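Structural features, examined
So the chains spell out like this:
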Amino acid sequence: MKEAVKKKLKEISECLKETDVTNFNIGLTSGLTGINLFRVNYLHKENYDEKAQIINGYVYIFLEHLRRGNSGIYYADGLPGTLWYLSYLKNKKLIDIHPGFFTDFEKKIDECILNNIKTNQFDLFYGVIGCLLFYSEANILSQKKILQKEIVKHLKKSAIVINKNQIAWQLYHPLGKKENNDKSSVNLGLSHGLPSIISCLLKFDTEFDEEIYPLVKKSINYCLSYYSSSLISSFPYDAKLFSKLDANEYNSRLAWCYGDMGIACMLWNAGQRFNIKDWKKIAVAVITKCSNRKNAQEARIVDSGICHGSAGVAHIFHRFYLYTNDLKIKKAADFWIERTLAMAQFSDGPAGYKRMHVNELNQSVYLPDNGFLEGVSGIGLVLLGWLYPETIDWDRSLLIS
């Protein structure tokens with residue numbers, strides 16, 4: 001299978017070279033930043049000059065977008081995501097950034113964070129958490145003591161107290177459907193829900209641990225109150241405030257965005273941060289149970305991207321294999337890598353791939369996508385990481401690690 005993966009990676013690389021930069025936004029999840037993330041990592045063993053050419057071209061386009069005022073304040077498609085990527089390149093020693101470069105952007109992002117706190121808009125892609133991921137990657141977060149303190153203060157105040165050992169938060173998703181902002185439920189997805197707040201708190205300075213640890217522990221307790229080792233999925237799609245769920249609601253999909261796998265990532269990372277072996281043990285148990293789900297229809301896998309497709313599933317299995325050396329988990333990663341290769345069936349899609357989209361008529365259609373979150377750039381990063389584990393450090397941009 002390694003040769004097939006290498007061949008597919010070459011196909012993806014070639015098609016992304018032809019990207020028409022004039023027709024793309026600069027964003028991380030679906031724009032040029034995500035594409036560049038793949039292209040630079042694909043050349044991880046090549047000479048610096050070739051990577052430098054790609055990076056310099058990207059930086060020029062980034063500065064052009066700034067000059068034209070085309071960069072918004074969302075992590076998904078605006079400044080925080082692009083600045084996260086520039087920080088990532090700096091941390092890999094692929095570019096030099098002047099110490100004062102980010103200063104011009106910080107005031108705008110700080111204002112965005114403080115305004116979003118007021119409306120409980122913590123969403124990873126469209127709120128506070130994405131901005132904090134940039135600050136963390138740029139090693140700026142540790143300088144933002146007052147900001148960290150303000151966020152902790154708000155989370156303590158806005159927490160919904162279930163009982164003395166459990167709390168939860170409801171996140172507002174500005175672009176979400178009405179049901180995503182249901183005030184009677186708690187979103188358990190890593191992309192837009194409670195696990196993302198927990199994952200974000202793990203990045204705060206240790207000097208805040210006395211306040212952060214109780215928040216993390218009680219919110220994890222709330223998540224674990226819905227844990228089942230015997231039903232189809234270990235956790236439901238979402239949780240109902242102050243009530244239990246029926247067994248038929250434990251049928252969440254296999255995916256990064258929602259369901260068991262994202263919660264397992266959060267539990268593992270929290271266990272690492274606070275040295276809680278039980279959280280890590282449950283995370284591995286959840287992933288091991290997920291490894292038994294190999295029916296794509298039952299698991300609701302209808303395309304290949306990172307967000308809710310076969311590549312994202314393969315990557316999380318691979319990440320947990322690297323944590324545990326568990327061969328059953330490795331076999332699951334290999335299974336979904338093979339499935340990802342097999343899903344490249346579209347003659348008019350980049351490298352054979354398209355993503356599934358539900359249109360305004362509620363019809364499922366398949367669309368080409370070069371992006372990171374749902375498209376071939378992300379698929380390429382997963383395939384590359386399966387071959388070369390040293391390249392998977394990009395996944396911290398999605399709270400996986």
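Notes on the structure follow. Just so it is clear, the structure is predicted and the values come from calculations on it, not from any experiment.

What to know about the overall build of the chain
- In terms of regular secondary structure, the chain is built from 14 helices and 6 strands.
- The C-alpha atoms of the chain give a radius of gyration of 20 Å, which matches the 21 Å a tight globule of 401 residues would have.
- Principal axes of the C-alpha set define a box for the chain whose edges measure 55 × 50 × 45 Å.
- Put simply, 65% of the contacts in the chain that link residues at least 6 apart link residues at least 24 apart.
- When the accessible surface of the chain is split by element, carbon and sulfur atoms take 49% of a total near 17,600 Å².
- Taking the average place of the 49 positive charges on the side chains of the chain and the average place of its 42 negative ones, the gap between the two points comes to 5 Å.

Concerning the packing of aromatic side chains
- In the structure shown here, the tally under the stated rule is 22 aromatic pairs.
- For the pair Tyr74 and Tyr126, a centre-to-centre distance of 5.0 Å together with 90° between the ring planes defines the contact as edge-to-face. In this pair, Tyr74 is assigned in the loop between α3 (48–67) and α4 (79–91) and Tyr126 in the loop between α5 (103–118) and α6 (128–137), connecting sequence segments 52 residues apart.
- Judged by its relative accessible area of 27%, Tyr74 falls in the partly exposed class.
- Residue class for Tyr126 comes out buried when judged on its relative accessible area of 17%.
- Their ring planes at 40° and their centres at 5.2 Å tell us that Phe134 and Tyr135 sit as a pair that is tilted.
- Here Phe134 falls in the buried class, since its relative accessible area comes to 0%.
- Connected via pairs of aromatic rings, a cluster forms that spans Phe101, Phe102, Phe105, Phe134 and Tyr135.
- Between the NZ or CZ atom of Arg273 and the centre of the ring of Phe274, over which it lies, the distance is 4.8 Å.
- Geometry around Phe335 places Lys294 over its ring, the cationic atom sitting 5.4 Å from the centre.

Quick word on the environment of Val5
- Looking at the element boundaries, Val5 is found in helix α1 (residues 2–17).
- Residues Val5 and Gln363, 358 residues apart in the sequence, show an inter-C-alpha distance of 32 Å.
- Apart from the residues within four sequence positions on either side, Val5 is in contact with Ile337, Leu341, Leu383, Trp386 and Leu387.

A look at the side chain of Thr33
- In this fold, Thr33 is placed in helix α2 (residues 32–42).
- Leaving out residues up to four positions away in the same chain, Thr33 has contacts with Ile26, Gly27, Leu28, Tyr58, Gly81, Thr82 and Tyr85.

Looking at unusual backbone geometry
- The phi dihedral of Arg300 falls on the positive side, at around 60°, and the residue is not glycine.
- Assignment of secondary structure puts Arg300 in the loop between α11 (277–290) and α12 (310–324).
- Owing to a relative accessible area of 37%, Arg300 belongs among the partly exposed residues under this scheme.
- With phi around 55°, Ala351 is a residue other than glycine that occupies positive phi space.
- In this structure, Ala351 sits in the loop between α13 (327–342) and β5 (355–358).

Let's talk about α12
- Taking 1.5 Å per residue, 15 residues should reach 21 Å; α12 reaches 21 Å between its end C-alpha atoms and fits that length.
- Most of α12 is tucked away: 12 of the 15 residues are buried.
- Those residues of α12 that sit buried are Ser310, Ala311, Gly312, Val313, Ala314, His315, Ile316, Phe317, His318, Arg319, Phe320 and Tyr321.
- Residues of α12 that are buried make contact with α10 (260–274), α11, α13 and α14 (376–387).
- Backbone geometry just downstream of α12 places Asn325 in the positive-phi region, at approximately 60°.

As for the pattern of salt bridges
- In this structure the tally under the stated criterion is 16 salt bridges.
- Here Arg396 makes a salt bridge to Glu137, at a shortest N to O gap of 2.7 Å. Here Glu137 lies in helix α6 and Arg396 lies in the segment after α14, a separation of 259 residues in the sequence.
- You can call Glu137 buried: its relative accessible area is 6%.
- Between Asp369 and Arg355 there is a salt bridge, with its nearest N and O atoms 2.6 Å apart. Here Arg355 lies in strand β5 and Asp369 lies in the loop between β6 (364–367) and α14, a separation of 14 residues in the sequence.
- Note on Arg355: relative accessible area 18%, which makes it buried.
- Connected through salt bridges with shared partners, the residues Glu106, Asp110 and Lys144 form a single ionic network.

Regarding the pairing of β6
- As paired elements, β5 and β6 share 4 bridges and run antiparallel to each other. Across the sheet, Arg355 pairs through a bridge with Leu367, a residue of β6.
- Between β5 and the antiparallel strand that follows it, β6, lie 5 residues; Asn362 among them carries a positive phi value of about 65°.

Some thoughts on the pairing of strand β1 (residues 160–163)
- Relative to strand β2 (residues 166–168), β1 is paired through 3 bridges, and the arrangement is antiparallel. Pairing of Asn163 across the sheet is with Gln166, part of β2.
- As consecutive antiparallel partners, β1 and β2 are separated by 2 residues.

Conventions we followed
- Residues numbered from 1 in each chain as written.
- Predicted model: local features only at pLDDT ≥ 70, side-chain atom pairs only at ≥ 80, totals over all residues.
- Heavy atoms only, no water.
- Helix = DSSP H or I, 4+ residues; strand = E, 2+ residues; numbered from the N terminus.
- Rg over C-alpha atoms; globule rule 2.2 N^0.38 Å.
- Contact = heavy atoms within 4.5 Å.
- Areas by Shrake-Rupley, 256 points an atom, 1.4 Å probe, with all protein chains shown as cover.
- Lys, Arg positive; Asp, Glu negative; His and termini not counted.
- Charge placed at Lys NZ, Arg CZ, Asp CG, Glu CD.
- Phe/Tyr/Trp six-rings, centres within 6.5 Å; stacked < 30°, edge-to-face > 60°.
- Buried < 20%, exposed > 50% of the residue type's maximum accessible area, 1.4 Å probe, protein only.
- Lys NZ or Arg CZ within 6 Å of the ring centre and 35° of its normal.
- Expected span 1.5 Å × (residues − 1).
- Salt bridge = Lys/Arg side-chain N within 4 Å of Asp/Glu carboxyl O.
- Pairing = 2+ DSSP bridges.

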